[in-house]
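Coordinate analysis (summary)
Residue-level listing of the chains:
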Amino acid sequence: MKTLIKNAQVVLPTGIESVSVLVDNSRIASVDAAAHIRVDEVVDAAGLHLIPGVIDDQVHFREPGLTHKEDLGTASKACAKGGITTFLEMPNTTPTTTTRERLAEKRALAAEKSLVNYGFYIGATPENIEELSLATDTPGIKIFIGSSTGDLLVDSQEALERIFAETALPITAHCEDESTVQANKAKFAGTSDVADHSRIRNVSAAVTATRRALDLAHRHHHRFHVLHVSTGAEIELLRDHGGLITAEACPHHLFLNTEDYPRLGTLLQANPSVKSAEDNAQIWQGLISGAIQVVATDHAPHTLEEKHQPYPLSPSGMPCVENSLALLLNQVHLDNCSLEQVVHWMCDAPARVWDIVGKGRIAEGYDADLVLVDLSLRHQIRNEEQITKCGWSAWHGETLTGWPVRTWVMGREVYRAGTFNPAIRGFAAQFDHARGGYWATEC
């Protein structure tokens, strides 16, 4: 099937241009197609912008094992609504994804259920070095340097040294120092104030673990991606990247802070915790300056019943995939960044960080993962409209300007203005780690 998307303002690697994009089956055949070429479908996108599909490199979709919160079907549907055409999912499901066999099982589940493209990290434990060394078809290795992760916690220096020294896949990590967190828990023992969560998982916990991980990466010359930067203090650590280090920010660490606890309560609880408004501003400037390369969600759904338990029984995490692009497009509306910057942070940069083949750009030969966005569309986020199975958003009641309105996955339209094509299925993302990551690829 051939589709011609015409009259859109198209975000290309070279800038925004008014060109016609020709899709031939699953690929982009031309970014300057003739207006009267013979096709099966013509999409008149006047007044809209066409961008590459968003790649969310950090999600927790809860399947297998915790599907009362979310599953690959509901989560991928929410992705399609939010303009996310590829997700990379974390290994802390039940059971954890710590073997090649479990990676294959997840890919099989996604092939059956996911409306968008997918990839799955393999999780590190102190005992699975051989599995980490032999794993393929994965974006990389995920390490949890911090608590609340069961058998995935890797905190001993010996185990961390081995993982960095004896494996070749890119590594990413949740960085919160376990000893700092436990010491702070002792100080706040018996608390029921969720605001203490940001005192327990404080700036020191994040900075100590991030500094430790960066030291390992530099000494072993191993590519490393810092997940969910939550403090301004981490920004300076990231500037000395040495061609190895990349990092990401998440919407809750960009736009929410400790001043929101009275309003949101345990809905705001996350790991790493939200910090101050000053940290928000410093993380945003880290994005603008290029010290942070990626925006991802850390989509981590829990039911409202679970989240409304008294602290500390309440779990950490919040959903975001269907609103993350709109939250950033709203920043374009507010003149805090450009649309080209948003596309870099959410599309091109994650494709380069994780060596994803054929994604992240609108260019000839690339996969036809595409999103039409309406930069003038105003819409209020409402819990009752959320597609995610948990059915709530920390941004409930907030009105944003700029929303995705149509989404294509590998050339097939999966979402249009509130309606879905449930017959669409995404494909496994392909990773070519010989490319060498973000700093080795062309800007």
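Check the entry above for the structure.
In what follows, the accompanying structure is described.

Reading guide: rules and limits
Residues numbered from 1 in each chain as written. Predicted model: local features only at pLDDT ≥ 70, side-chain atom pairs only at ≥ 80, totals over all residues. Heavy atoms only, no water. Axes fitted to C-alpha atoms, helices over the stretch in contact; angles between N-to-C directions. Helix = DSSP H or I, 4+ residues; strand = E, 2+ residues; numbered from the N terminus. Parallel < 35°, antiparallel > 145°, perpendicular 65-115°, else oblique. Left-handed = near helix turned anticlockwise from the far one by under 90°. Contact = heavy atoms within 4.5 Å. Nonpolar A, V, L, I, M, F, W, Y, C, P; charged D, E, K, R; others polar. Buried < 20%, exposed > 50% of the residue type's maximum accessible area, 1.4 Å probe, protein only. Pairing = 2+ DSSP bridges.

What follows is about the packing of helix α13 (residues 324-333) against helix α14 (residues 339-353). For the pair α13 and α14, interaxial distance at closest approach is 9 Å and the crossing angle is 150 degrees. When the axes of α13 and α14 are compared, the pair comes out roughly antiparallel. Considering the relative orientation of α13 and α14, their crossing is right-handed. In this structure, α13 contributes Ser 324, Leu 325, Leu 328, Leu 329 and Val 332 to the contact, and α14 contributes Leu 339, Val 342, Trp 345 and Met 346. Of the residues in the contact of α13 with α14, the class split is 8 nonpolar, 1 polar and no charged.

Glancing now at unusual backbone geometry. Geometrically, the link from Glu 63 to Pro 64 is a cis peptide bond, its omega value of 5 degrees lying close to zero. Even without a glycine there, the phi angle at Arg 62 is positive, about 70 degrees. Considering the arrangement of structural elements, one finds Arg 62 in the loop between β8 (54-59) and α1 (72-82). On the accessibility criterion, Arg 62 (8% relative accessible area) is buried. Backbone geometry places Asp 298, a non-glycine residue, at a positive phi of 55 degrees. Structurally, the position occupied by Asp 298 is in the loop between β16 (294-295) and α12 (304-307).

Taken in spatial order, the 3 strands make up an open sheet running β8-β9-β10, and their pairing is parallel. Of all strands in the sheet, those with a lone pairing partner are β8 and β10 (117-120), marking the two edges. Each neighbouring strand pair of the sheet contributes to a mean axis angle of 20 degrees, computed without reference to strand direction. Of the strand pairs in this sheet, β8 and strand β9 (residues 84-89) are connected by 4 bridges, and their pairing is parallel. In the strand pairing of β9, Ile 55 is matched with Thr 86. Strand contacts of helix α2 (residues 100-113): β9 and β10, with the helix running at about 165 degrees to β10, the strand carrying the most contacts.

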